[in-house]
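Architecture at a glance
Here's the letter readout for the chains.
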Amino acid sequence: MAFLRAVFRSNVYRKFGISSFHITQQGINSVRVKFSIPPASIGCNTFKSTHAASAIGYDTAVEGKSAQQHPRDPLDLTFEDHVASFKSKTTWEILRAYIVYTMCSSEYLVEHNMTLMKISKRLFGDRLFKFMMKSTFYGHFVAGEDQYKIRPTLERLRSFGVKPILDYSVEEDISQEEAERREVEGSVSEAGDEKSQGTIPQYHMDKQFADRRYKVQSARTYFYLNEAQCERNLEIFQECLEAVSGATFGTGICAVKLTALGRPQLLLQLSEVIMRTRKYMTEVLGGEGNVLTHHVHVEDLEKKFLQAGLEEETVKKFLKQLTYDKEGVIHLFPWSGIVDENQQLSDTFRVPDLKTGRMVRLITQLTPKEEEMFRNMVRRMNSLCKTADELDVRVMVDAEQTYFQPAISRITLEMMRKYNKDKAVVFNTYQCYLKNTYEEATNDLEQAKRQNFYFGAKLVRGAYLEQERARAAALGYTDPTNASFEATTEMYHRTLTECLRRIKDLKDRSEDARKIAIMVASHNEDTVRFAIEKMKEIGISPEDKVICFGQLLGMCDYITFPLGQSGYSAYKYIPYGPINEVLPYLSRRAHENKGILKKIRKEKKLLLRELRRRITSGQLMYRPRGNYVPV
């Protein structure tokens, strides 16, 4: 089976327009092949083979028109245009949305939603329960049960100028005790949880916060079970990539979480290495910040080490592994080797100690089995990025807790360096409720510039605010979060402005502005308006394809659809999965909507306006049919 998957992905088959395939449970005699046109054969949205386009359900009469023949609506920046907001919906879908938002306004229903859903399932039976869910929460927030049933939703979104970010939203409904057990087992080394001098408590597991769902509503959580489970997660993500490729002609994105692909202990240890390296550079050179920001040269380090009495042979061996350019040292360790080659982590993260004159290890000891697990995690991530590159779609790596994030960002940046050579295939995520977001994003932008790869970033406010504050207070380290919503907004706008400034610099130097690609992932109107006004101010147009916008399916349609229909690059985050298995996701969506009642009130008001308009104009049986083409 794996061999056949590889063959069908090969360049030979892609040359003839076969981008992916699916083998059903009946076996090889039931192979279903999805056809799409290789990117090289697409120009100005005109397809050379209407058969291939028809095979995936597109209206080729619409898709075959030139860009000038497609509408571009004026954008109302007050986001009060109810016609533009809901022209992609049937009247029943508008009514359903209003019912769902009304239910989300009920504190009792939201607080007890999971219990009520389970009672309803027992009371009404599986078939009637599924009908009820499709008529309410599931139908509103989830696109369908599998990658085939979501196709009509993806195609309709595209016809109204909106592209997908796919997310297979199945979650295990496990108890707190089971979550804690898995996290403890998955976060502590077989050699023990070493907390010797120099280790940082923030990057060690604490049983009080072992259930990572604690105080988190809007982010999916994976708990490590075993390597086989990680392999299954890999296959699910690969199916997401294939679904994106088959339905969007390379404009879609697949969202992934690195904690789904490996043992959390390894992310903790790698994150601690990164933070200990920053402390080490502070001790060696003074000042603060990571290696990149010091602009220190190899000769300066050599002089410093030799003056401290280290052996010349030891110093030269260490300096040989450094990554540097004319501006100075970029990395102390061969990160590219960690991603591409079979190196032992325990041997890699060693630095000269100025006090003892010896090489010291910055990572706590790993067993051979744990070394293999790290290789497996990187292999899985590498496989996803390679598949995305071959299918001409994008991978967006979600942000997670701060004690995992340094490792996640480091691995993601290495995948960028490897795969973002000609375009932004891999995107990292930056949570703007953190105090260091601007610094981290700026440093990563600088690294992309100095190592010459395309930089992709999704900017979000963040999903773990309450948990991060509670953990910092309990464990006694500095709270990493901004003090207020206003401070978070300022951080978001500051980081976005810096990205836009660098894009403008690229344009001014007649370089490829697409070397920086940013997604403004926000349900906040003010932030979306800020981004659009800044784009206009510095001369960045939607056609430059460097800025896009994203919101969740079933939330803030009054922002997403007017953007897409007016020519901006707009995305919907599309969850999918079997009804019974996405109940934890639906529960979180209900809680999240409760927390943004102001937005719900506006959306309800616009839904009612559109409902009245359709009733008075005799359009109750309105059938959406768009002919927009996404940027």
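In what follows, the structure referred to is the one given above.
Calculation rules
Residue positions are given per chain, counted from 1 along the sequence in the order it is written. Restriction of local features to residues with pLDDT of at least 70 applies here, the model being predicted, together with a cutoff of 80 or more for giving and counting side-chain atom pairs; totals for whole chains, interfaces and linings are based on all residues. With hydrogens and water set aside, each side-chain value is computed from the structure's full complement of heavy atoms. For this text, the term disulfide refers to a pair of cysteine sulfurs within 2.5 Å. For two strands to count as paired, DSSP must find a minimum of two bridges between them. In this text, helices come from DSSP runs of H or I with a minimum length of four residues, and strands from runs of E with a minimum of two, each type numbered from the N-terminal end. A fitted line through C-alpha atoms represents every axis, and for helices the fit uses only the stretch in contact; the resulting angles, taken between N-to-C directions, go from 0 to 180 degrees. What makes two residues a contact is simply this: any of their non-hydrogen atoms within 4.5 Å. A 1.4 Å probe rolled over the protein chains alone gives each residue an accessible area, and that area as a share of the maximum for its type sets the label: buried under 20%, exposed over 50%, partly exposed in between. Our angle categories are set so that under 35 degrees counts as roughly parallel, over 145 as roughly antiparallel, 65 to 115 as roughly perpendicular, and the remainder as oblique. Two helices cross in a left-handed way if the nearer one is turned anticlockwise from the farther one by less than a right angle. They cross in a right-handed way if the turn is clockwise. For this classification, the nonpolar set comprises Ala, Val, Leu, Ile, Met, Phe, Trp, Tyr, Cys and Pro, the charged set comprises Asp, Glu, Lys and Arg, and every other residue, Gly included, is treated as polar. To pair, rings of Phe, Tyr and Trp, with the six-membered ring standing in for Trp, must have centres within 6.5 Å; the planes then decide the type, stacked if under 30 degrees apart, edge-to-face if over 60, and tilted in the middle. Lysine and arginine charges are scored as sitting over a ring when NZ or CZ, respectively, is within 6 Å of the ring centre and within 35 degrees of the ring normal. Computed over the protein atoms alone on a 1 Å grid, cavities are sets of points where a 1.4 Å probe fits but cannot get out and pockets are open sets with protein on both sides within 12 Å along at least five of seven lines; a residue lines them when it has an atom within 4 Å of a point. Grid points are joined across faces, edges and corners, and a volume is the space filled by probe spheres set on the points. In plain words, nonpolar cores are sets of buried Ala, Val, Leu, Ile, Met, Phe, Trp, Tyr and Cys residues tied together by side-chain atoms within 4.5 Å. Each patch is assembled from residues with relative accessible area greater than 30% and no salt bridge, linking like charges that lie within 9 Å and nonpolar side chains (Val, Leu, Ile, Met, Phe, Trp, Tyr) that lie within 5 Å. With residues, only the protein chains shown are counted as cover, and all accessible areas are computed by Shrake-Rupley using a 1.4 Å probe. What counts as a salt bridge is simple: a side-chain nitrogen of Lys or Arg found within 4 Å of a carboxyl oxygen of Asp or Glu. In the analysis that follows, any N or O atom pair within 3.5 Å is treated as a polar contact, provided that within protein one partner can donate a hydrogen and the other can accept it, and provided that, for residues neighboring in sequence, both atoms belong to side chains.

What about the state of the cysteines?
Tallied over the full model, the rule gives zero disulfides. Cys 240 carries a free sulfur, and the closest cysteine sulfur to it, the one in Cys 254, is 4.3 Å from it.

Observations concerning the sheet that holds strand 10 (residues 426-431)
An order of 3-4-9-10-11-12-13-14 is seen for the eight strands of this closed barrel, with the pairing classed as parallel. Here the average twist between neighbouring strands, direction ignored, is 30°. As defined by bridge partners, strand 10 adjoins strand 11 (residues 455-460) across four bridges and the pair is classed as parallel. Along strand 11, the bridge assignment pairs Thr 429 with Lys 458. Lying on the sheet, helix 24 (residues 485-508) is in contact with strand 11, strand 12 (516-521) and strand 13 (547-552); it crosses strand 12 at an angle near 150°.

Concerning the pairing of strand 14 (residues 569-576)
Judged by how many residues are buried, strand 14 sits mostly within the fold: eight of eight residues are covered. Side chains Ser 569, Tyr 571, Tyr 573 and Pro 575 project from strand 14 onto one buried face, and the interleaved Ala 570, Lys 572, Ile 574 and Tyr 576 project onto a second face that is buried too. Bridging between strand 3 (residues 162-168) and strand 14 involves seven bridges; their strand directions are parallel. When the sheet's bridge partners are listed, Asp 167 is paired in strand 14 with Pro 575.

Remarks on the packing of helix 12 (residues 176-187) against helix 14 (residues 264-285)
For the pair helix 12 and helix 14, the least separation of the axes is 6 Å and the interaxial angle reads 55°. Looking at the two axes, helix 12 sits oblique to helix 14. The chirality of how helix 12 crosses helix 14 is right-handed. Residue-level contacts link Glu 183, Gly 186 and Ser 187 of helix 12 to Pro 264, Gln 265 and Leu 268 of helix 14. Here the residues of the contact of helix 12 with helix 14 are counted per class, giving two nonpolar, three polar and one charged.

As for the packing of helix 22 (residues 437-451) against helix 24
Viewed as axis vectors pointing N to C, helix 22 and helix 24 meet at an angle of 15°, and their least axial separation amounts to 9 Å. Looking at the two axes, helix 22 sits roughly parallel to helix 24. In the packing of helix 22 onto helix 24, the handedness of the crossing is right-handed. Residue-level contacts link Thr 437, Tyr 438, Ala 441, Thr 442, Leu 445 and Glu 446 of helix 22 to Met 491, Arg 494, Thr 495, Glu 498, Cys 499 and Arg 502 of helix 24. Looking at the contact of helix 22 with helix 24 residue by residue, the class counts come to five nonpolar, three polar and four charged.

Quick look at the packing of aromatic side chains
By the definition in use, this model includes twelve aromatic pairs. Ring geometry for Phe 160 versus Tyr 628: centroids 6.1 Å apart, planes at 35°, classification tilted. With Phe 160 in the loop between helix 11 (151-159) and strand 3 and Tyr 628 in the segment after helix 28 (597-616), this pair connects stretches of sequence that are 468 residues apart. Tyr 628 shares its class with Phe 160; the two are buried. With 6.3 Å between their ring centres and 85° between their planes, Phe 333 and Trp 335 make a pair best called edge-to-face. When sorted by exposure, Phe 333 lands in the same class as Trp 335, which is buried. Three or more aromatic residues joined by ring pairs form one cluster here, namely Phe 333, Trp 335 and Phe 349. Across the ring face of Phe 223, the terminal group of Arg 212 is positioned such that the distance to the ring centre comes to 5.1 Å.

Concerning empty space enclosed by the protein
The tally for this structure, following the rule as stated, stands at five cavities of 30 Å³ or more. Considered as a void within the structure, the second largest cavity measures approximately 60 Å³ in volume. Considering the residues around the second largest cavity, the lining is formed by Glu 183, Ser 187, His 204, Met 205, Asp 206, Phe 209, Ala 210, Leu 268, Tyr 403, Phe 404 and Arg 471. Residues that form the lining of the second largest cavity fall into these classes: six nonpolar, two polar and three charged.

Regarding the nonpolar core
Side chains of nonpolar character tend, in soluble globular proteins, to be buried together. Ranked by size, the top nonpolar core spans 162 residues in total, and within it Leu 332, Phe 349, Met 381, Phe 549 and Leu 586 carry the most contacts. When residues no more than four places from it in sequence are discounted, the contact partners of Leu 332 are Thr 277, Tyr 280, Met 281, Val 291, Leu 301, Phe 318, Gln 321 and Leu 322. Listed in part, the six residues of the second largest apolar core include Val 216, Ala 219, Ala 463 and Tyr 464.

Concerning a nonpolar patch on the surface
Taken together, the side chains of Ile 119, Leu 123, Phe 124, Leu 128 and Phe 131 define a hydrophobic patch exposed on the protein surface, amounting to about 510 Å² of accessible area. Taken together, the elements giving at least two residues each to the nonpolar patch come down to helix 8 (113-124) and helix 9 (126-134). When residues of the nonpolar patch are assigned to their parent elements, the largest contribution, three residues, is made by helix 8. Position of Ile 119 relative to the elements: it lies in helix 8.

Remarks on the side chain of Lys 458
Tracing the sequence through the fold places Lys 458 in strand 11. Take Lys 458: its relative accessible area is 7%, and that puts it in the buried class. A distance of 3.1 Å separates the side chain of Lys 458 from the side chain of Asp 398, its partner in a polar contact. Lys 458 has contacts with Met 396, Asp 398, Asn 428, Thr 429, Tyr 430, Met 519, Ala 521 and Tyr 573, leaving out every residue within four places of it along the chain.

Some words on unusual backbone geometry
Within the chain, Asp 392 stands out as a residue other than glycine whose phi angle is a positive 60°. Summarising the element assignment, Asp 392 is placed in the loop between helix 20 (368-391) and strand 9 (394-397). Although it is not a glycine, Ser 510 sits at a positive phi angle of roughly 60°. If you trace the backbone, Ser 510 turns up in the loop between helix 24 and strand 12.

Regarding the side chain of His 294
The residue His 294 is located in helix 15 (residues 291-294) in this model. In terms of polar contacts, His 294 uses its side chain to reach the backbone carbonyl oxygen of Asn 290, at 2.9 Å.

Focus on the environment of Gln 467
Structurally, Gln 467 is set in helix 23 (residues 465-475). Judged by relative accessible area, Gln 467 falls into the buried class, the value being 1%. A C-alpha to C-alpha distance of 8.6 Å links Gln 467 and Arg 213, two positions 254 residues apart in sequence. Once you skip the residues sitting within four places of it in the chain, Gln 467 turns out to touch Phe 209, Arg 212, Arg 213, Tyr 214, Lys 215, Val 216, Gln 401 and Tyr 403.

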